[in-house]
Amino acid sequence: MALEKLTSARQLTLPVLEEIFHVAEQMRQVCQKHGRITLLSDKMIGLVFLEPSSRTLLSFQSAAQRLGAGIVFIQGVGSTSFEKGESLSDAIRVFSGYCDLIVARLPKSGDAQIAADASDVPFINAGDGGNEHPTQSLVDTFTIREELGTLSHLNYAFGFDPLQSRSIHSLCMVLSQFEDLGFEFVSPPELRAPKSLIQQCQERGVRVRESDRIADLHSPDVIYLNRLQEERFPDRALFEKYRYEYRLTPEQIPTSARLILDPLPRVDEIALEVDALPIAGYFRQARNGVYIRMALLSMLLGRSL
Ligand code: CP
């Protein structure tokens with residue numbers, strides 16, 4: 001795979017996706033048969049997480065260690081020289097002398113490209129502000145394909161903060177390459193999906209609808225929810241206005257729905273009663289994160305099984 005720095009889901013073309021899914025399936029076998037291997041035992045992975053994370057951080061740590069790699073990491077800015085005013089570019093330039101690949105979660109939209117440009121080693125965007133989360137889009141599409149057997153000919157509903165959800169942005173970019181799709185964005189009027197994203201999807205032939213209410217959902221096969229992004233609201237009152245209004249309960253799920261996903265963490269957007277339904281796939285989705293991230297680490301470092 002030619003990919004050396006993954007900053008955007010725009011880089012995840014159909015051939016690249018197929019290759020990553022194939023390797024992720026191999027990595028699932030590795031985990032089941034061996035638990036850990038030595039494919040990357042001579043490599044050091046740098047994890048630079050300046051924004052909170054549980055799944056992405058732990059699944060990258062697990063992926064690196066299952067492949068035999070060492071890890072160096074920064075978690076939060078509090079004990080680092082970012083506190084002294086060091087620039088992201090300078091810091092990443094330095095860190096890339098300490099490791100063979102950098103995975104970074106960064107607080108501002110566009111930070112991932114700045115960091116990737118500064119890195120002398122392969123780089124993976126693990127989420128940059130409200131912009132993108134390309135590795136999550138791989139976990140999501142891998143899961144949909146596994147659960148439904150296809151990514152094409154489906155209607156997808158996305159809620160409830162398509163404006164600020166980087167996971168929704170990246171997933172829509174990847175999905176929009178597939179055939180015969182409908183996207184429905186469900187959100188408060190103030191949290192509509194970015195116009196540029198909708199335009200890109202429509203240019204690729206996706207049928208796009210927008211609605212205010214869960215009750216208006218229009219025959220989705222897949223319901224993809226993400227919490228209101230509390231930390232990105234410029235106005236706290238707006239978050240409080242909607243936080244309990246946008247919650248999926250079992251009674252609200254249309255009969256057409258075959259799969260419910262959420263990148264997690266779940267906060268208010270899915271009622272706990274939904275968890276017992278067979279179509280609630282979000283915990284299976286989270287488990288796939290390790291296989292996808294094992295695939296990415298090995299491929300960006302030019303190693304194969
Ligand atoms: N899905 C996801 O990115 O979760 P974390 O923020 O816990 O990493």
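Because the structure is predicted, anything quoted here is derived from the model rather than measured.

### Some points on the overall build of the chain
Then, number 1: In terms of helices and strands, the chain carries nine helices and 10 strands.
Then, number 2: Taken over C-alpha atoms, the radius of gyration comes to 19 Å for the chain, in line with the 19 Å a tight globule of 305 residues would show.
Then, number 3: Projected onto its principal axes, the C-alpha positions of the chain cover 55 × 45 × 40 Å.
Then, number 4: Burial analysis of the chain (305 residues in total) assigns 58% to the buried set.
Then, number 5: Of the contacts formed within the chain by residues at least 6 apart in sequence, a portion of 73% connects residues at least 24 apart.
Then, number 6: Only carbon and sulfur atoms are counted for the fraction: they give 49% of the accessible area of the chain, which is about 12900 Å².

### Focus: the domain arrangement of the chain
Then, number 1: Domain assignment breaks the chain into domain 1 (5-130 + 289-300) and domain 2 (134-285).
Then, number 2: Taking the mean C-alpha position of each, domain 1 and domain 2 sit 25 Å from one another.
Then, number 3: Each partner contributes residues to the interface: domain 1 has 32 residues there, and domain 2 has 25 residues.
Then, number 4: Roughly 2200 Å² of surface becomes buried between domain 1 and domain 2 when both sides are summed, with 60% attributable to carbon and sulfur atoms.
Then, number 5: When residues of domain 1 are sorted by the area they lose upon contact with domain 2, Phe-21, Arg-55 and Gly-130 head the list and together hold 25% of the total.
Then, number 6: Here domain 1 is connected to domain 2 by four salt bridges.
Then, number 7: Here Arg-145 and Glu-18 are joined by a salt bridge, their closest N and O atoms 3.3 Å apart.
Then, number 8: The tally of links from domain 1 across to domain 2 stands at 10 residue pairs in polar contact (both at pLDDT 80 or more).
Then, number 9: Residue assignment for the side of domain 1 that touches domain 2 shows that the elements contributing at least two residues are helix H1 (14-33), helix H2 (55-66), strand E4 (101-106), strand E5 (123-128) and helix H9 (282-300).
Then, number 10: Taken together, the residues of the side of domain 1 that touches domain 2 break down into 14 nonpolar, nine polar and nine charged.

### Here's the deal with the packing of aromatic side chains
Then, number 1: A full pass over the atoms with the stated rule returns 12 aromatic pairs.
Then, number 2: Consider the rings of Phe-82 and Phe-95, whose centres lie 6.5 Å apart with planes at 80°: the pair is edge-to-face. A residue pair is termed long-range when its members are at least 10 positions apart, and Phe-82 in the loop between strand E3 (70-75) and helix H3 (88-95) and Phe-95 in helix H3 qualify at 13 residues.
Then, number 3: With relative accessibility at 16%, the residue Phe-82 sits in the buried group.
Then, number 4: Taking the relative accessible area as the measure of exposure, Phe-95 reaches 14% and is therefore buried.

### Quick look at the layout of surface pockets
Then, number 1: Here the largest pocket defines a volume of roughly 320 Å³.
Then, number 2: If you go around the largest pocket, you meet 19 residues; those closest to its centre are Arg-105, Arg-166, Arg-227, Leu-264 and Pro-265.
Then, number 3: Tallied by class, residues from the lining of the largest pocket come to four nonpolar, eight polar and seven charged.
Then, number 4: Residue assignment places the lining of the largest pocket across two domains, with domain 1 (5-130 + 289-300) and domain 2 (134-285) each supplying three or more.
Then, number 5: A volume near 170 Å³ is recorded for the second largest pocket.
Then, number 6: Among the residues forming the lining of the second largest pocket, the class breakdown is seven nonpolar, one polar and three charged.

### Here we look at the side chain of Thr-135
Then, number 1: Turning to its location among the elements, Thr-135 is positioned in helix H5 (residues 134-148).
Then, number 2: Judged by its relative accessible area of 0%, Thr-135 is buried.
Then, number 3: In contact with Thr-135, not counting residues within four places along its chain, are Leu-6, Thr-56, Phe-60, Ile-124, Asn-125, Ile-292, Arg-293 and Leu-296.

### Focus: the sheet that holds E4
Strands in a sheet are paired, the pairing made by backbone hydrogen bonds, and the direction either parallel or antiparallel.
Then, number 1: Pairing is parallel across the open sheet formed by five strands, whose spatial order is E1-E5-E4-E2-E3. A strand with exactly one partner marks an edge of an open sheet, and here the two such strands are strand E1 (5-6) and E3.
Then, number 2: Examined bridge by bridge, E1 and E5 share two bridges and lie parallel to one another. Looking at the pairing, Leu-6 lines up with Ile-124 of E5.
Then, number 3: Helix-sheet contacts for helix H4 (residues 111-118) involve E1, E4 and E5, and the interaxial angle to E5 is about 160°.

### Digging into unusual backbone geometry
Then, number 1: A cis amide bond links Gly-159 with the next residue in sequence, Phe-160, at an omega value of -5°.
Then, number 2: As for its position among the elements, Phe-160 is in the loop between strand E6 (155-159) and helix H6 (166-175).
Then, number 3: The peptide bond linking Leu-264 to Pro-265 adopts the cis configuration, its omega dihedral lying at 10°.
Then, number 4: Of note, Pro-265 is situated in the loop between strand E10 (259-261) and H9.
Then, number 5: Here Asp-180, not a glycine, exhibits a phi torsion of approximately 60°, which is positive.
Then, number 6: Of note, Asp-180 is situated in the loop between H6 and strand E7 (182-186).
Then, number 7: Of note in the backbone geometry, Ser-219 takes a positive phi value of approximately 50° without being a glycine.

What counts, and at which threshold
- Residues numbered from 1 in each chain as written.
- Predicted model: local features only at pLDDT ≥ 70, side-chain atom pairs only at ≥ 80, totals over all residues.
- Heavy atoms only, no water.
- Helix = DSSP H or I, 4+ residues; strand = E, 2+ residues; numbered from the N terminus.
- Rg over C-alpha atoms; globule rule 2.2 N^0.38 Å.
- Buried < 20%, exposed > 50% of the residue type's maximum accessible area, 1.4 Å probe, protein only.
- Contact = heavy atoms within 4.5 Å.
- Areas by Shrake-Rupley, 256 points an atom, 1.4 Å probe, with all protein chains shown as cover.
- Domains from an automatic or database assignment.
- Buried area = accessible area lost by both parts, 1.4 Å probe.
- Salt bridge = Lys/Arg side-chain N within 4 Å of Asp/Glu carboxyl O.
- Polar contact = N/O pair within 3.5 Å; in protein donor to acceptor, adjacent residues only side chain to side chain.
- Nonpolar A, V, L, I, M, F, W, Y, C, P; charged D, E, K, R; others polar.
- Phe/Tyr/Trp six-rings, centres within 6.5 Å; stacked < 30°, edge-to-face > 60°.
- 1 Å grid on protein atoms, 1.4 Å probe; cavity = no way out; pocket = protein on both sides within 12 Å on 5 of 7 lines; lining within 4 Å.
- Points joined across faces, edges and corners; volume = space filled by probe spheres on them.
- Pairing = 2+ DSSP bridges.
- Axes fitted to C-alpha atoms, helices over the stretch in contact; angles between N-to-C directions.

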